[in-house]
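Tertiary structure, described
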Amino acid sequence: MKNFIKQTAPIRPPPSVRPEYSAVATQEDHVNDGHQTGSLPRPRPPNMAYVYGLTCFVSLGGFLFGWDQGVMAMIIADERWLKLMQPANDWSVGFVISIYNIGCVIGALTIGFFADVCGRERTLSLASIVFIIGALQQAASYTISQISIGRFVLGLGVGAYSAGVPLYISEIAPPQLRGRIVGILMMILCFAEMVVFFVDYAFFFLDSDDWWRLPLAIQVVPALVLAVGCWTWVPPSPRWLVSQERYDCALEVLTRLHGSVAAEEEIRAIRDAVEGQANVVEHASASWADMFRGPVLRVTLLGIFIQMFQQTTGTNGIFYYAPQLFKKGGITDSKLANLATGGIGVTLFLSAWIPVVYFDRFGRKTWFQVGLVGMVIALTGICVFQQHAADYPHSRVNYLIVIFPYLFFTFFNMSWSAGSWTYAAEIFPLSLRAKGNALCTASLWISNFVVAQISPPIESATGYGLYILFIINCIAAFIFVRYSLVETKGRSLEEMEELFGINKADAKGEGEATTGVTQALLRTTSREEDIEDY
């Protein structure tokens, strides 16, 4: 079954490349019986348009992620939906939301298995099929139980997207642009969060009790496009191809992406990483227990904590309950509060462009720390103005509270939004990258679930005490980043093992034996004679 799912067709240069051109020019390709037959061919150039095109297409998974982050907010507050579903109490409505997060946790963890066995891109195609089933189940629901099942199934797909998409795009990105590539994913996600608010708002005015089915159903279209495209057009990750011992195919994919010169350097780096990791066959059999052994344990904890702090520093505590935040800040008009909430989506989209342009110019730690400082300032402003609204409920000054959630999301989006996903996807060795990213993403969804559940009661009991708690978490995150995080800016994925001392540990445990598989990898200029067009 797995052989049917994973991509097995050989990958060769496109027809426009002359047959005598190899992916990487070498002297061996131009020596005949010991005599030079001519000068080396011109190397194939990098194709950044192809890199960005693949990134944007695969980021349809991020678009669907963002869509479902915001699509239910207006639906569950609508009287027509409540009259149809007849939830027993507020806990029933909360369950419709929270069951989605549980599905996301499980979906993210499945990436650790399927991405290694079936390939990154084929796993995203399978996730899209699951997503479509969940979306249709939601749109066709008439009871709380039915829509809850749909939400859970949908969450399985979104969870797989949230772990699988950053994993794939980080493995096709040039090292110096990895932050920008993940930034594009987050920009597309934020675009969806912005658009879905206005789509919900437009369908809300339809003279139909079933208006809410439309924004839940139309997301099937991009999911179907993603499913077909990942199965037929998106190439396998070159790192996954190496783990399958398909070295020529990996070289060709890297050449298409980064050009022949960079591809040769990257293949050499992958070769060195394999030499330090004993042999490639072990990649496929790496277990979850390996995540918690030796120096990999440190990497695992860094990834888990960076994704956990991304949620516990306030982002979804503010995003999910923004109308209540504005109401307690003195904006009592519900229409104005909803309009201000829509402004958060616009802010998210506009600020998402900052990491696309600038993220790779500075270190990961710098962005995280600057973001946290700005987030603390914004959270402090929310506390101050909510207290001001309690003391002076009719003051026009209360409207200034709108500034601070916008300020918070600007600093969050330019730092932690793209940064945590980038960091978690890049720090693990090849043999554990899918499992590591899956585990880190699962920690994010668990944190998301906890924040969504505890924020309302804490806010009801303490008022702006919730935002003081977020400030404390920001300070803890700052200390963690300052003193525990390892800087990864500009490092290739293969250099991470040396950076964290993993290859040294492997060398000590495994010795210096070279396997037949490793020797095969060293022959990067060998070509398959029976390859066909991909």
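Computed from a prediction, not measured in an experiment: that's the story for all the values here. (Residues numbered from 1 in each chain as written. Predicted model: local features only at pLDDT ≥ 70, side-chain atom pairs only at ≥ 80, totals over all residues. Heavy atoms only, no water.)

**Topic: the nonpolar core**
Test applied: Nonpolar cores were defined as sets of buried Ala, Val, Leu, Ile, Met, Phe, Trp, Tyr and Cys residues, with membership established by side-chain atoms within 4.5 Å. Classification of residues uses two cut-offs on accessible area relative to the type maximum, computed with a 1.4 Å probe and protein chains only: under 20% is buried, over 50% is exposed, and between them is partly exposed. Put simply, DSSP H or I for four residues or longer makes a helix, DSSP E for two residues or longer makes a strand, and each gets a number counted from the N terminus. Contact criterion: two residues are considered in contact whenever any of their non-hydrogen atoms come within 4.5 Å of each other.
Formed by 140 residues in total, the largest nonpolar core has its most connected members in Tyr161, Phe326, Leu379, Trp416, Trp445, Tyr467 and Phe500. By residue number, the principal contributor to this core is helix 9 (residues 178-204), which donates 13 residues. The residues contacting Trp416, other than those within four sequence positions of it, are Ile306, Phe309, Gln310, Phe368, Leu372, Met375, Ala477 and Val481.

**A closer look at the environment of Pro10**
Inspection of the secondary structure assignment puts Pro10 in the loop between helix 1 (2-5) and strand 1 (31-32). Take Pro10: its relative accessible area is 21%, and that puts it in the partly exposed class.

**Quick word on the packing of helix 6 (residues 90-117) against helix 8 (residues 144-172)**
Put simply, the rule reads: The convention used is that axes are lines fitted to C-alpha atoms, helices contributing only their stretch in contact, and that angles between N-to-C directions extend from 0 to 180 degrees. Crossing handedness is defined as follows: a turn of the near helix away from the far one that is anticlockwise and smaller than a right angle gives a left-handed crossing, while the clockwise case is right-handed. In this count, Pro and Cys sit with the nonpolar residues alongside Ala, Val, Leu, Ile, Met, Phe, Trp and Tyr, while Asp, Glu, Lys and Arg are called charged and the others, Gly among them, polar.
Relative orientation of the contacting elements helix 6 and helix 8 amounts to 40 degrees, with a least axis distance of 6 Å. Note that helix 6 runs across helix 8; the crossing there is right-handed. Residue composition of the contact of helix 6 with helix 8, grouped by class: 20 nonpolar, seven polar and one charged.

**Regarding the environment of Val195**
Its location among the elements puts Val195 in helix 9. In this structure Val195 comes out as partly exposed when scored by relative accessible area, which is 22%. Along the sequence, Val195 and Gly66 sit 129 residues apart, while their C-alpha atoms lie 9.4 Å from each other.

**Focus on the packing of aromatic side chains**
Stated precisely, the cut-off is as follows: Each aromatic pair joins two rings of Phe, Tyr and Trp (for Trp, the six-membered one) with centres within 6.5 Å, and gets the label stacked for planes under 30 degrees apart, edge-to-face for over 60, and tilted for any other angle. Any Lys NZ or Arg CZ that is within 6 Å of a ring centre and within 35 degrees of that ring's normal is treated as a charge sitting over the ring.
Within this structure, the stated rule accounts for 27 aromatic pairs. Between the aromatic rings of Phe204 and Phe205, the centroid separation amounts to 5.5 Å while the plane-to-plane angle is 85 degrees, which identifies the pairing as edge-to-face. Judged by its relative accessible area of 56%, Phe205 is exposed. The ring of Phe204 has Arg80 lying over it, and the distance from NZ or CZ to the ring centre is 5.1 Å. Here Arg151 stacks its cationic end above the ring of Tyr100, 4.4 Å away from the centre of that ring.

**A look at the packing of helix 9 against helix 18 (residues 334-351)**
What describes two packed helices is the angle between their axes and the distance between those same axes. Cut-off, in case you're wondering: Angular relationships are summarised with four words: roughly parallel below 35 degrees, roughly antiparallel beyond 145, roughly perpendicular across 65 to 115, and oblique for the angles in between.
Relative orientation of the contacting elements helix 9 and helix 18 amounts to 155 degrees, with a least axis distance of 7 Å. In this view, helix 9 runs roughly antiparallel relative to helix 18, as classed from their interaxial angle. In the packing of helix 9 onto helix 18, the handedness of the crossing is left-handed. Counting all contacts with helix 9, which are made through Met187, Cys190, Phe191, Glu193, Met194, Phe197 and Phe198, the residues of helix 18 involved are Asn338, Gly342, Gly345, Val346, Leu348 and Phe349. Here the contact of helix 9 with helix 18 is composed, by residue class, of nine nonpolar, three polar and one charged.

**Focus on the confidence of the model for the chain**
This is how it is decided: Scored from 0 to 100, pLDDT reflects the predictor's confidence in each residue.
The predicted model of the chain has a mean per-residue pLDDT of 85, with 86% of residues at 70 or higher. Across the chain, helix 11 (residues 220-232) holds the top mean pLDDT of 97, while helix 26 (residues 516-522) sits lowest at 38. For residues 278-284, every residue scores under 50 in pLDDT, and the model assigns this stretch 20 contacts once sequence neighbours within four places are set aside. Per-residue pLDDT stays below 50 along residues 510-534; that stretch engages in 50 contacts with residues further than four places along the chain or on separate chains.

**So, the pattern of salt bridges**
Selection criterion: Salt bridges are counted wherever a side-chain nitrogen of Lys or Arg sits within 4 Å of a carboxyl oxygen of Asp or Glu.
All chains considered together, the criterion is met by 14 salt bridges. The salt bridge involving Arg120 is made with Asp116; its shortest N-O contact spans 3.1 Å. Across this residue pair, the class does not change: Arg120 and Asp116 are buried. Between Lys435 and Asp116 there is a salt bridge, with its nearest N and O atoms 3.3 Å apart. On the criterion of sequence distance, the pair formed by Lys435 in helix 22 (residues 433-462) and Asp116 in helix 6 is long-range, its members being 319 residues apart. A relative accessible area of 8% places Lys435 in the buried class. Judged by relative accessible area, which is 12%, Asp116 ranks as buried.

**Looking at the environment of Ile331**
Relative to the helices and strands, Ile331 resides in the loop between helix 17 (322-328) and helix 18. Judged by relative accessible area, which is 3%, Ile331 ranks as buried. A sequence separation of 64 residues divides Ile331 from Ser395, and the C-alpha atoms of the two residues are 10.0 Å apart. Leaving out residues up to four positions away in the same chain, Ile331 has contacts with Phe326, Leu336, Ala337, Tyr399, Ile401 and Val402.

**A word on helix 21 (residues 403-426)**
Convention followed: Expected helix span is taken as 1.5 Å per residue step, with the number of steps being one fewer than the number of residues. Here the bend at a residue means the angle between the axes of two seven-residue stretches, the one that ends at it and the one that starts at it.
With 24 residues, helix 21 ought to run about 34 Å at 1.5 Å a step, and its terminal C-alpha atoms sit 34 Å apart, in line with that. Its maximal kink placed at Asn413, helix 21 deviates by approximately 50 degrees.

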